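# Architecture at a glance
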Amino acid sequence: GIQVEQSPPDLILQEGANSTLRCNFSDSVNNLQWFHQNPWGQLINLFYIPSGTKQNGRLSATTVATERYSLLYISSSQTTDSGVYFCAVTTSYDKVIFGPGTSLSVIP
Amino acid sequence: GAGVSQSPRYKVAKRGQDVALRCDPISGHVSLFWYQQALGQGPEFLTYFQNEAQLDKSGLPSDRFFAERPEGSVSTLKIQRTQQEDSAVYLCASTQTDSQRAFFGQGTRLTVV
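Residues numbered from 1 in each chain as written. Chains lettered and ligands numbered in written order. Predicted model: local features only at pLDDT ≥ 70, side-chain atom pairs only at ≥ 80, totals over all residues. Heavy atoms only, no water.

### Observations regarding the pattern of salt bridges
Applying the stated rule across the entire model yields five salt bridges over all chains. A salt bridge links D81(A) to R58(A); the shortest N-O distance between them is 2.8 Å. Of the two residues, D81(A) is situated in the loop between strand 8 (69-74) and strand 9 (83-90) and R58(A) in the loop between strand 6 (52-56) and strand 7 (59-64); the sequence distance between them amounts to 23 residues. Residue classification places D81(A) among the buried residues on the basis of a relative accessible area of 7%. Taking the relative accessible area as the measure of exposure, R58(A) reaches 26% and is therefore partly exposed. Among the salt bridges present, the one from K78(B) reaches E68(B), with a minimum N-O distance of 3.4 Å. (Salt bridge = Lys/Arg side-chain N within 4 Å of Asp/Glu carboxyl O. Helix = DSSP H or I, 4+ residues; strand = E, 2+ residues; numbered from the N terminus. Buried < 20%, exposed > 50% of the residue type's maximum accessible area, 1.4 Å probe, protein only.)

This is the structure:
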């Protein structure tokens, strides 16, 4: 089946710093989503981005489907950005497969 | 409803007990997914429904796991004869017909003792 990799696995940032999270996938996909799982376990959909670039406030994402990767940019990080960021891809019959996640800690 | 609702939020079961976990998807969402998330891991796919049809159950770890969605809305994940390795958070997600954007419930944390 399709493999989804994320890097880095763990990241510690000083508040105000910028970061880039990467997601690689092994096969063509119908769609790609980025999720943030907060410390209470809730998964929040950040971006639905099969291709191209989208921006939402301090966050932006870019997916290059032909090269099978996606990037999530976090600018001017805040402590509330802490949590785990998951990349999830959708296969041809709607099955959503998650990557292992990047655990982000933003320290004041 | 406004979001995906799961109940109970927490469940403690004695080993060997049967449990039933409920998911109320967003109204009108055709697709519904169940995931299992172990501590420190990403969500692992269990099963997928389109309306009442269970199209993929390849992720169910054993025949002790059973899911249903009889009327194409609410879904129940049942685990029979629970084992300690079943301890995890069980997440439910639903998606719209014309979009694959997934919305997740808060999950049910199952602890088998």
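### Here's the deal with the interface of chain B and chain A
Every contact between the two is made by 20 residues of chain B and, on the other side, 18 residues of chain A. Both faces considered, chain B and chain A share a buried interface measuring about 1,600 Å² in area, 49% of it formed by carbon and sulfur atoms. Where chain B touches chain A, the interface holds zero salt bridges. Of all elements in the fold, only strand 4 (31-37), strand 5 (44-50) and strand 10 (102-104) of chain B reach the threshold of two or more residues within the side of chain B that touches chain A. Broken down by element, the residue count for the side of chain B that touches chain A peaks at four residues, all from strand 4 of chain B. Grouping the constituent residues of the side of chain B that touches chain A by class yields eight nonpolar, 10 polar and two charged. (Contact = heavy atoms within 4.5 Å. Buried area = accessible area lost by both parts, 1.4 Å probe. Nonpolar A, V, L, I, M, F, W, Y, C, P; charged D, E, K, R; others polar.)

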